[in-house]
Amino acid sequence: MSEEIAVKNTPIQTSTKLWLDIILFLAFLVTMDPRSSGIAIHEWLSLAVFAVLMLHLLLSWDWIVSVSRRFLGKLGLQNRLNYILNWLLFIDGTLLIISGLMISRVAMPLIGIQLPEGFAWRRLHDMSANFGLIMLGLHTALHWNWIVNTFNRYLIQPVARLFTAKPKKDAAV
Amino acid sequence: MKTLGRILIILLVFAAFSALMIVGVNASGVSSSSFPGEGREFRPGADGQGFPPSGFQPGADGAGFRPERGGDHDGERGGGGVIGLLFGAIKNTLVIALLVVAVVLPKSITRKKRRNDALTSTTAE
């Protein structure tokens, strides 16, 4: 039998993670289209996404540590797949940010760093962005149950409760 | 303090991968331009033939020779606006949705089938 990882998060941690993920997803969609958003928004938003990603990793820290410890031992297939995929996503994200900084036209020149624009970095940036989209899709798919359950618990149910809750006067009668 | 340490670990791993990538790209020698012909300046023949093409009339300010940076030719500036952004977002969301369906649907079908098999076996007993 393979061992499953059960990491307990507090409701506040879980809802924070959900909101962070929603923000990350929306920001990712905007940054994926620099032609429409403009290069300045693309660059600054991408750097902000990096900071939010750090928070996302910090909130998943216990899971990362426990899977890292058990990776070579007994571990469920889903956790193992998830772990490998998350590392690939991290490496791809690193490549995306580094290649983005290398071809930056707004952020880096603003802090006084001028880099010669290399075609290879540009190609790597495009490739890692496309690869990142696929990886994000797989990451979402592997966490689909969590997304549906958390969405239901922290967004849909509270809103539904607002409409279905009886007014206090009726309850008193 | 614990959080700070964790942030430091993430940044260290990020820096290590970044360094590896920069070294890798520089070592492979492709960081410079690899467009065929890029980097070499176009020069007309010694007799001045070949450029500009006959009949070409640059503007009075000479701007006709070179497209301005930041225009449509620059690639990534203000192409589609809000509508373009919306279309791009829909397209990317569709790609993600397709991947989610491709992974989640077979999994849920298998789970349902297994549950039905278990149910039929218990009713048969």
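Because the structure is a prediction, the values reported are computed rather than measured. (Residues numbered from 1 in each chain as written. Chains lettered and ligands numbered in written order. Predicted model: local features only at pLDDT ≥ 70, side-chain atom pairs only at ≥ 80, totals over all residues. Heavy atoms only, no water.)

Chemist: Please clarify how the packing of aromatic side chains should be interpreted in this entry.
Modeler: Any pair of aromatic rings gets described here by the distance separating the centres and the angle formed by the planes. Enumeration over the complete set of coordinates arrives at six aromatic pairs over all chains. Geometrically, the ring pair formed by phenylalanine 50 of chain A and phenylalanine 14 of chain B is tilted, given 4.7 Å between the ring centres and 40 degrees between the ring planes. With phenylalanine 50 of chain A in helix H3 (residues 39–59) and phenylalanine 14 of chain B in helix H1 (residues 2–28), this residue pair bridges two chains. The exposure class assigned to phenylalanine 14 of chain B is buried, which follows from its relative accessible area of 13%. Considering the side-chain rings of tryptophan 63 of chain A and tyrosine 83 of chain A, the 6.3 Å spacing of their centres and the 50 degrees angle between planes classify their relative orientation as tilted. Of this pair, tryptophan 63 of chain A sits in helix H4 (residues 61–70) while tyrosine 83 of chain A sits in helix H5 (residues 77–102), and the two are 20 residues apart along the sequence. Considered together, tryptophan 63 of chain A and tyrosine 83 of chain A belong to a single accessibility category, that of buried residues. Aromatic rings pair up to connect Trp63, Phe71 and Tyr83 of chain A into one cluster. When the ring centre of tryptophan 146 of chain A is taken as reference, the NZ or CZ atom of lysine 17 of chain A above it lies at 5.6 Å. In this arrangement the basic side chain of arginine 80 of chain A is found over the ring face of phenylalanine 71 of chain A, its NZ or CZ atom lying 5.2 Å from the centre. (Phe/Tyr/Trp six-rings, centres within 6.5 Å; stacked < 30°, edge-to-face > 60°. Helix = DSSP H or I, 4+ residues; strand = E, 2+ residues; numbered from the N terminus. Buried < 20%, exposed > 50% of the residue type's maximum accessible area, 1.4 Å probe, protein only. Lys NZ or Arg CZ within 6 Å of the ring centre and 35° of its normal.)

Chemist: Got a minute to help me understand the packing of H4 of chain A against H5 of chain A in this structure?
Modeler: Two quantities define a packed helix pair, namely the angle between the helix axes and the distance between the axes. Residue and element names in this part refer to chain A. Running from N to C, H4 and H5 cross one another at 110 degrees; their axes reach a closest spacing of 11 Å. Classed by the angle they form, the pair H4 and H5 counts as roughly perpendicular. The element H4 and its partner H5 pack so that their crossing is left-handed. Here Trp63, Ile64, Val67 and Ser68 of H4 come into contact with H5, specifically with Asn79, Asn82, Tyr83 and Asn86. (Axes fitted to C-alpha atoms, helices over the stretch in contact; angles between N-to-C directions. Parallel < 35°, antiparallel > 145°, perpendicular 65-115°, else oblique. Left-handed = near helix turned anticlockwise from the far one by under 90°. Contact = heavy atoms within 4.5 Å.)

Chemist: Quick question: what am I supposed to make of the interface of chain B and chain A here?
Modeler: A common way to report how large an interface is uses the accessible area buried once the components associate. Contacts between the two partners involve 42 residues from chain B and, on the opposite side, 42 residues from chain A. Carbon and sulfur atoms make up 74% of the area that chain B and chain A hide from each other, which totals about 3,800 Å². Elements with a minimum of two residues in the side of chain B that touches chain A: H1 and helix H2 (81–124) of chain B. No other element matches the 15 residues that H2 of chain B contributes to the side of chain B that touches chain A. (Buried area = accessible area lost by both parts, 1.4 Å probe.)

Chemist: How should the confidence of the model for chain B be read in this particular structure?
Modeler: In low-pLDDT regions, the fine details of the predicted coordinates are not to be read closely. All names here are of chain B. Counting all residues, the mean pLDDT for chain B is 73, and 58% of those residues have values of 70 or more. Low pLDDT, under 50, characterises residues 36–43; the stretch is placed with two contacts to residues that sit more than four places away or in other chains. In the model, residues 62–77 has pLDDT below 50 throughout and makes 20 contacts with residues more than four positions away in sequence or in other chains. Under the prediction, the complex receives an ipTM of 0.83, its pTM being 0.76. (pLDDT = per-residue confidence, 0-100.)

Chemist: How should I be thinking about the side chain of threonine 140 of chain A in this particular structure?
Modeler: Within the fold, threonine 140 of chain A resides in helix H7 (residues 119–142). One polar contact links the side chain of threonine 140 of chain A to the main-chain carbonyl oxygen of leucine 136 of chain A, over a distance of 2.6 Å. (Polar contact = N/O pair within 3.5 Å; in protein donor to acceptor, adjacent residues only side chain to side chain.)

Chemist: When you look at the nonpolar core in this model, what are you seeing that I'm missing?
Modeler: Generally speaking, a soluble globular protein has its nonpolar side chains buried in company with each other. Within the largest apolar cluster, twelve residues are counted, these being Met54, Leu58, Trp61, Phe90, Ile97, Ile98, Met102, Ile103 and Trp121 of chain A together with Ile10, Phe14 and Val25 of chain B. For this core, the elements supplying multiple residues, two or more each, are H3 and H5 of chain A together with H1 of chain B. The element best represented in this core is H5 of chain A, accounting for four residues. (Core = buried A, V, L, I, M, F, W, Y, C linked by side-chain atoms within 4.5 Å.)

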